[in-house]
Amino acid sequence: MFTSLIRPLSRGSQITKVLVTSNNVAKFSTSGALQKDYQDILTESHGKVGLITLNRPKALNALSSHLFHEVNNALEKFDDDTNISAIVITGNERAFAAGADIKEMMEKSFAEVYKTSFLGHWGKINDIRKPIIAAVNGFALGGGCELAMSCDIIYAGEKAVFGQPEIKLGVIPGAGGTQRLVRAVGKSKAMEIILSGRNFSAQEAERWGLVSKVLPVDKVLDEAIRLGQEIAGLSQPSIQAAKESINRAFELSLREGCHFERKLFYSLFALKDKKEGMEAFVKKREPKWTDE
Ligand SMILES: CCCCCCC[C@H](O)CC(=O)SCCNC(=O)CCNC(=O)[C@H](O)C(C)(C)COP(=O)([O-])OP(=O)([O-])OC[C@H]1O[C@@H](n2cnc3c(N)ncnc32)[C@H](O)[C@@H]1OP(=O)([O-])[O-]
């Protein structure tokens, strides 16, 4: 067994030691990090930010069922961890994820995917209460683009490539691509992208509003973690309420959505943090959040 550091860490990060065992399974020894063993992902904590790194580089991080179960497991652990307030999902410089694992899907029949609810576990990410930031470099295709779109904020490297190429495999997007892309970029562009299967650049994605920031390749992850830390420094019940309310915009009419928002706004008046935030403003001092 030997010990190695897995990446240069950003300012304020905890140092995470990776113990690589004889069967190549990584264990993390940082106090805030998960103690769970994973094969296809890596997990670390950077202060109050939980980081999930997709780690099947030889397959361009193709999303096998196994990998996705691990992602779900790590997301749920971070969501339950009171030391974590935001989550970042990333890949490597070549690929965020090149889509669902085509080799795994190739031999599957309709009966098999239908009876086993092949993508049934995909929706778990939508139940995570804490903000999730996608830090995307390289290919984010098919399920990879859908995974990024399932996150709350996307930061992309200037060479990132997005796309929904499923049509070229004789299928269509199956993890929300036809629904989320149209909401993000409008009907005409979503139709063009999905019906032609053409890829699009990080710069196009930013222009269309799918991506919130395009950054130099080597800055994407650090900036995503920095944003996570900024969010983690605010009052967490309000952060979660804001996320919940924004996500309702996709499901409710404008009238119902504004009604839902107002109810949540009123409910936040029960928080000590509401009193603290407003008092700090009036007294011209920094607020001290207790998340209560
Ligand atoms: C359970 C969770 C699922 C949820 C999502 C389901 C619904 C979803 O909407 C359906 C899809 O995503 S459908 C998918 C939609 N996505 C697509 O259609 C994109 C498919 N990929 C590509 O078009 C090309 O690989 C790139 C253009 C990305 C790179 O080209 P390049 O630079 O010439 O590199 P390269 O030489 O080509 O690849 C290097 C190695 O990676 C391998 N590998 C790569 N992607 C894989 C995948 N998805 N699969 C498996 N393997 C994949 C590739 O075989 C090769 O391995 P090998 O052992 O050496 O043979």
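Residues numbered from 1 in each chain as written. Predicted model: local features only at pLDDT ≥ 70, side-chain atom pairs only at ≥ 80, totals over all residues. Heavy atoms only, no water.

Further remarks concern the nonpolar core. Within the largest apolar cluster, 44 residues are counted, with the highest numbers of intra-cluster contacts made by Ile 89 and Phe 162. Element by element, the count of residues in this core is highest for helix α1 (residues 65–80), at six residues. (Core = buried A, V, L, I, M, F, W, Y, C linked by side-chain atoms within 4.5 Å. Buried < 20%, exposed > 50% of the residue type's maximum accessible area, 1.4 Å probe, protein only. Helix = DSSP H or I, 4+ residues; strand = E, 2+ residues; numbered from the N terminus.)

Let us look at the packing of helix α9 (residues 236–248) against helix α10 (residues 254–267). For the pair α9 and α10, interaxial distance at closest approach is 9 Å and the crossing angle is 170°. One element, α9, and the other, α10, form an angle in the roughly antiparallel class. Judged by residue contacts, Ala 241, Glu 244, Ser 245 and Arg 248 of α9 engage Phe 260, Glu 261 and Leu 264 from α10. Among the residues forming the contact of α9 with α10, the class breakdown is three nonpolar, one polar and three charged. (Axes fitted to C-alpha atoms, helices over the stretch in contact; angles between N-to-C directions. Parallel < 35°, antiparallel > 145°, perpendicular 65-115°, else oblique. Contact = heavy atoms within 4.5 Å. Nonpolar A, V, L, I, M, F, W, Y, C, P; charged D, E, K, R; others polar.)

So, on to the sheet that holds strand β4 (residues 41–46). Sheet strands pair by backbone hydrogen bonding; their relative direction is either parallel or antiparallel. The sheet built from six strands is open, its strands ordered β4-β5-β6-β8-β10-β13 with mixed pairing. Since the sheet does not close on itself, it has two edges, and those belong to β4 and β13 (213–215), each with one partner. The average undirected angle you get between the axes of adjacent strands in this sheet is 20°. In this sheet, β13 lies alongside strand β10 (residues 153–157) in parallel orientation, the contact comprising three bridges. Following the sheet pairing, Tyr 155 is matched in β13 by Lys 213. Here α1 sits on the sheet and contacts β4, β5 (49–54), β6 (86–90) and β8 (132–136); the angle it forms with β5, its principal contact strand, is near 175°. (Pairing = 2+ DSSP bridges.)

Taken together, the side chains of Glu 93, Glu 158, Asp 218 and Asp 222 present a region of like negative charge at the surface. Summarising the element assignment, Asp 218 is placed in the loop between β13 and α8 (220–232). A relative accessible area of 54% means that Asp 218 is categorised as exposed. (Patch = residues over 30% accessible without salt bridge, like charges linked within 9 Å, V, L, I, M, F, W, Y side chains within 5 Å. Areas by Shrake-Rupley, 256 points an atom, 1.4 Å probe, with all protein chains shown as cover. Salt bridge = Lys/Arg side-chain N within 4 Å of Asp/Glu carboxyl O. Lys, Arg positive; Asp, Glu negative; His and termini not counted. Charge placed at Lys NZ, Arg CZ, Asp CG, Glu CD.)

Our focus in this paragraph is the site of the ligand. What surrounds the ligand is a group of 28 residues, the closest being Arg 94, Ala 100, Gly 143, Glu 146 and Glu 166. At 2.9 Å from a nitrogen atom of the ligand is found a main-chain nitrogen or oxygen belonging to Ile 102. Contacts to the ligand include Glu 166, whose side-chain N or O atom sits 2.5 Å from an oxygen atom. Within the complex, the protein chains bury 69% of what would otherwise be the 1100 Å² of accessible surface of the ligand. Those elements that provide at least two residues to the shell around the ligand are α2 (102–105), β9 (139–141) and α4 (143–150). Here the shell around the ligand takes three residues from α2, the largest share from any one element. Broken down by class, the residue content of the shell around the ligand amounts to 16 nonpolar, six polar and six charged. (Near = heavy atom within 4 Å. Polar contact = N/O pair within 3.5 Å; in protein donor to acceptor, adjacent residues only side chain to side chain.)

Domain parsing of the chain yields domain 1 (41–233) and domain 2 (236–283). The interface formed by domain 1 and domain 2 includes one salt bridge. A salt bridge links Lys 243 to Asp 152, with the nearest nitrogen and oxygen atoms 2.7 Å apart. Viewed at the interface, domain 2 and domain 1 are joined by five residue pairs in polar contact (both at pLDDT 80 or more). Tallied by class, residues from the side of domain 1 that touches domain 2 come to five nonpolar, one polar and four charged. (Domains from an automatic or database assignment.)

Here the focus is unusual backbone geometry. A positive phi angle, close to 60°, is found at Asn 61, a residue other than glycine. Mapped onto the secondary structure, Asn 61 falls in the loop between β5 and α1. In this structure Asn 61 comes out as buried when scored by relative accessible area, which is 0%. Unlike most non-glycine residues, Lys 284 shows phi in positive territory, near 55°. Within the secondary structure, Lys 284 is located in the segment after α11 (272–282). Assessed through its relative accessible area of 76%, Lys 284 is described here as exposed.

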